[in-house]
Amino acid sequence: MDRANATSGQMVMAVVLTCAVAASALSITYDLTKDRIEEQELAAEVASLEEVLSEASEFIAVEDSLESAQDAAGEADIGAIYRAESDSGDLVGWGVRVAARGYGGPIRMVVGLDRDGQVTGVSIITHSETPGLGSKVLESQEFMTQFGGWDGLDIDVAAKGYDAVIGATKSSNGVRKGVLAAGHVYAEVLSALQEGGALDE
Amino acid sequence: MSEWISVFKRGLSIDNPLTVLMIGLCATLAVSTKFEGAFFMGLAVIFVLTMSAILVSALRHVVPEKVRIPVFIVIIASFVTVVDLMMKAFLPTVYDFLGVWIPLIVVNCIILGRAEAFSYHKPIRLAIADGLGMGVGFSVVIILLASIRELFGSGEIVFLGTRLIGFPSWYQAPNIILLFPGAFIIFGFMVAGTIALNRRMGARKVQTSQHCTIEEGGRS
């Protein structure tokens with residue numbers, strides 16, 4: 001075939017055939033990797049949950065309160081809420097997956113709260129902060145552990161005594177916003193859910 | 001065989017995509033803050049470059065000139081998506097770091113540039129040499145740049161969770177190395193180094209290869 005003077009039919013054929021082959025190759029790859037990708041994402045989330053709620057052995061997603069939780073959280077995005085249970089099925093606490101704006105984009109994290117509403121820890125899942133500046137904040141033990149013990153029922157007061165990292169205030173505030181949102185969700189939604197659950201038992 | 005080797009070598013020396021042709025720099029400067037990220041970025045680029053070179057070269061007689069660009073893009077994008085899905089499935093931590101830069105390999109000029117300038121006109125055997133040479137040339141530069149930036153910018157090099165080498169704790173890493181100015185400064189020195197090295201090896205003038213490679217490769 002003369003490739004410089006191809007007829008339009010030949011051109012259409014070339015593009016259509018390439019696309020068809022590419023599409024089928026991609027759908028095969030997608031099928032092969034789909035389960036594994038879902039597994040990995042779930043594993044990453046469970047690992048974060050276990051990090052902040054070490055006593056729990058099972059995490060059950062709470063789906064019907066997400067909307068009211070989102071209202072309570074304000075501008076931060078609530079991704080999921082997990083009820084953390086121990087081996088015997090007792091409530092240990094709550095895991096809230098929340099995304100709050102940092103400097104470079106949303107910081108996705110899991111905030112753990114125990115059954116009294118105290119923050120047990122914060123674990124970052126993904127972020128896009130400046131490498132070496134904002135990212136240092138999220139890796140800093142000193143910074144991340146200061147949220148432990150904040151009282152979810154009175155989180156605005158707790159949040160006043162907070163230390164941002166110099167040079168990365170926006171990244172620091174991003175994490176703080178996420179913890180605040182999780183506190184509000186606990187105060188307005190989860191604590192009520194907890195009492196309701198207690199009555200049922 | 002000697003032709004194969006000389007084509008392969010060009011990607012590493014006088015036609016190095018990064019330090020001589022200076023294409024595909026955005027991704028390079030962005031992901032070279034970590035050795036680990038640069039290493040897998042390099043592997044991804046080698047894979048996509050070589051595989052698309054093979055396909056473009058194999059199809060060079062049946063793809064009409066007027067629709068070659070869409071066909072190239074579809075081929076390249078497919079291989080990039082394969083890498084993207086594989087990395088998400090098997091190396092999630094690396095994928096988190098590289099993020100959007102993996103899908104962006106599609107628009108990396110190295111790959112489309114080589115398809116257009118080389119693979120579309122040459123037999124498969126040479127297209128493989130060019131793809132591998134360019135890919136390895138890219139990887140060597142990005143890995144070197146990332147090693148320098150990670151070592152001096154954060155004080156240690158960590159690969160898949162293992163600390164390879166590092167400075168003792170008294171070393172106060174200057175942040176600028178991890179930020180863009182640091183990337184440009186170090187990259188500038190690497191460009192200078194490549195030019196000096198190419199001159200010393202008696203390669204033909206760097207100046208001409210910088211401006212003419214694409215046309216020259218395309219029409220030869």
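In what follows, the structure referred to is the one given above.
Just so we're clear, the structure is a prediction, and the values are computed from it rather than from any experiment.

(A) A look at the overall build of chain A. Helices and strands together make up the secondary structure of chain A, namely six helices and five strands. Along the chain direction, N to C, the helices and strands of chain A fall in the order α-β-α-β-β-β-β-α-α-α-α. Taken over the C-alpha trace, chain A has a radius of gyration of 23 Å; the compact-globule value for 201 residues is 17 Å, which it surpasses by more than 25%. Dimensions of chain A, computed from C-alpha atoms along their principal axes, come out at roughly 75 × 45 × 30 Å.

(B) Geometry of the packing of aromatic side chains. For the structure shown, the criterion picks out 14 aromatic pairs over all chains. Measuring from ring centre to ring centre gives 5.0 Å for A:Phe147 and A:Trp150, while their planes differ by 70°; the resulting arrangement is edge-to-face. Taking the relative accessible area as the measure of exposure, A:Phe147 reaches 0% and is therefore buried. Note on B:Phe47 and B:Phe79: the rings are 6.0 Å apart at their centroids and 85° apart in plane angle, and the pair reads as edge-to-face. Of this pair, B:Phe47 sits in helix α3 (residues 35-58) while B:Phe79 sits in helix α4 (residues 68-90); the two residues are 32 residues apart in sequence, bridging distant segments of the chain. Judged by relative accessible area, which is 32%, B:Phe47 ranks as partly exposed. Each member of the aromatic cluster is reached from another via a ring pair, and the members are A:Phe143, A:Phe147, A:Trp150 and A:Tyr162. The ring centre of A:Tyr162 lies 5.1 Å from the NZ or CZ of A:Arg176, which sits over that ring. The ring of B:Phe118 is capped by B:Lys122, whose NZ or CZ atom sits 5.5 Å from the centre of that ring.

(C) Structural view of the sheet that holds strand β2 (residues 77-85) of chain A. Residue and element names in this part refer to chain A. Taken in spatial order, the five strands of this open sheet run β1-β2-β3-β4-β5, and their pairing is antiparallel. This sheet does not close on itself; its edge strands, each paired only once, are β1 (58-62) and β5 (119-126). In this sheet, adjacent strand axes meet at a mean angle of 25° when their direction is disregarded. Sheet analysis places β2 next to strand β3 (residues 91-101), joined by eight bridges and oriented antiparallel. From the neighbouring strand, Ala84 faces β3, where its bridge partner is Gly93. Strands β1 and β2 of the sheet are contacted by helix α2 (residues 66-73), whose axis makes an angle of about 120° with β2.

(D) Spotlight on the environment of A:Asn173. Residue and element names in this part refer to chain A. Residue position: Asn173 is located in helix α6 (residues 169-200). Separated by 163 residues in sequence, Asn173 and Gln10 place their C-alpha atoms 58 Å apart. Within the structure, Asn173 has its side chain in polar contact with the side chain of Tyr162 (distance 3.0 Å).

(E) Molecular detail of the interface of chain A and chain B. Facing the 25 residues of chain A at the interface are 28 residues of chain B. Contact between chain A and chain B buries roughly 2300 Å² in total, counting both sides, with carbon and sulfur atoms accounting for 71%. It is A:Arg3, A:Met11 and A:Leu26 in chain A that bury the most area against chain B; as a group they hold 26% of the surface buried on that side. Summed over the shared surface of chain A and chain B, the number is zero salt bridges. On the surface where chain A and chain B come into contact, there are two residue pairs in polar contact (both at pLDDT 80 or more). Contributing elements (two or more residues each) for the side of chain A that touches chain B: α1 (8-52) and β5 of chain A. Looking at the side of chain A that touches chain B, the element that brings in the most residues is α1(A), giving 14 residues.

(F) Local environment of the pattern of salt bridges. Applying the stated criterion to the full structure yields six salt bridges over all chains. Among the ionic pairs, A:Glu85 bridges to A:Arg83, the shortest N-O distance being 2.9 Å. Among the salt bridges present, the one from B:Asp15 reaches B:Arg10, with a minimum N-O distance of 2.6 Å. Using a relative accessible area of 0% as the deciding quantity, one classes B:Asp15 as buried.

Procedures and definitions
Residues numbered from 1 in each chain as written. Chains lettered and ligands numbered in written order. Predicted model: local features only at pLDDT ≥ 70, side-chain atom pairs only at ≥ 80, totals over all residues. Heavy atoms only, no water. Helix = DSSP H or I, 4+ residues; strand = E, 2+ residues; numbered from the N terminus. Rg over C-alpha atoms; globule rule 2.2 N^0.38 Å. Phe/Tyr/Trp six-rings, centres within 6.5 Å; stacked < 30°, edge-to-face > 60°. Buried < 20%, exposed > 50% of the residue type's maximum accessible area, 1.4 Å probe, protein only. Lys NZ or Arg CZ within 6 Å of the ring centre and 35° of its normal. Pairing = 2+ DSSP bridges. Axes fitted to C-alpha atoms, helices over the stretch in contact; angles between N-to-C directions. Contact = heavy atoms within 4.5 Å. Polar contact = N/O pair within 3.5 Å; in protein donor to acceptor, adjacent residues only side chain to side chain. Buried area = accessible area lost by both parts, 1.4 Å probe. Salt bridge = Lys/Arg side-chain N within 4 Å of Asp/Glu carboxyl O.

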